[in-house]
Amino acid sequence: ENKHISGIYNAVSPEHITNIELVKKIAKILNRKIIFPNIPGFIIKGLFGERAIMLLEGSRVSSDSIIKNGFNFKYNNIEKALNNLLKSNKQE
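Residues numbered from 1 in each chain as written. Predicted model: local features only at pLDDT ≥ 70, side-chain atom pairs only at ≥ 80, totals over all residues. Heavy atoms only, no water.

*Asks:* Provide a residue-level description of the packing of aromatic side chains, including the pertinent values.
*Replies:* Any two aromatic rings considered together are summarised by their centre-to-centre distance and by the angle between their planes. Summed over all chains, the structure comprises 1 aromatic pair. Between the aromatic rings of Phe 71 and Phe 73, the centroid separation amounts to 4.9 Å while the plane-to-plane angle is 85 degrees, which identifies the pairing as edge-to-face. (Phe/Tyr/Trp six-rings, centres within 6.5 Å; stacked < 30°, edge-to-face > 60°.)

Put into structure tokens, the structure is as follows:
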């Protein structure tokens, strides 16, 4: 908590990755193959309309504001975060 700052901040990771990169990293950590079907864009557009843009193109949201105000990420990249989530759950 920081009472000296105000406004709107994006609570997002400083690292931007695509969905396929995420799936590949999860598969690597779990030492498994993960297969996702390649759904054509026109089908996704038909199902989701305008919202399909987020699914097909993603978004580039910045965490610069919270970093400049002193926020430190416990896991500053996806591999560290996934290792924490997936390896600790795998051992249970």
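There's plenty left to go through after this.
*Asks:* Explain a nonpolar patch on the surface to me, using residue names and the numbers behind them.
*Replies:* On the surface, Ile 39, Phe 42, Ile 43, Leu 47, Phe 48, Leu 55 and Leu 56 cluster together into a nonpolar patch covering about 710 Å² of accessible area. Looking at the nonpolar patch, the elements that each hand over two or more residues are helix H2 (41-48) and helix H3 (52-57). Looking at which element gives the most residues to the nonpolar patch, the answer is H2, with 4 residues. Considering the arrangement of structural elements, one finds Ile 43 in helix H2. (Patch = residues over 30% accessible without salt bridge, like charges linked within 9 Å, V, L, I, M, F, W, Y side chains within 5 Å. Areas by Shrake-Rupley, 256 points an atom, 1.4 Å probe, with all protein chains shown as cover. Salt bridge = Lys/Arg side-chain N within 4 Å of Asp/Glu carboxyl O. Helix = DSSP H or I, 4+ residues; strand = E, 2+ residues; numbered from the N terminus.)

*Asks:* An account of unusual backbone geometry is requested, with residue identities and associated values reported.
*Replies:* For Asn 31, which is not a glycine, the phi torsion comes out positive at approximately 55 degrees. In this structure, Asn 31 sits in the loop between helix H1 (19-30) and H2.

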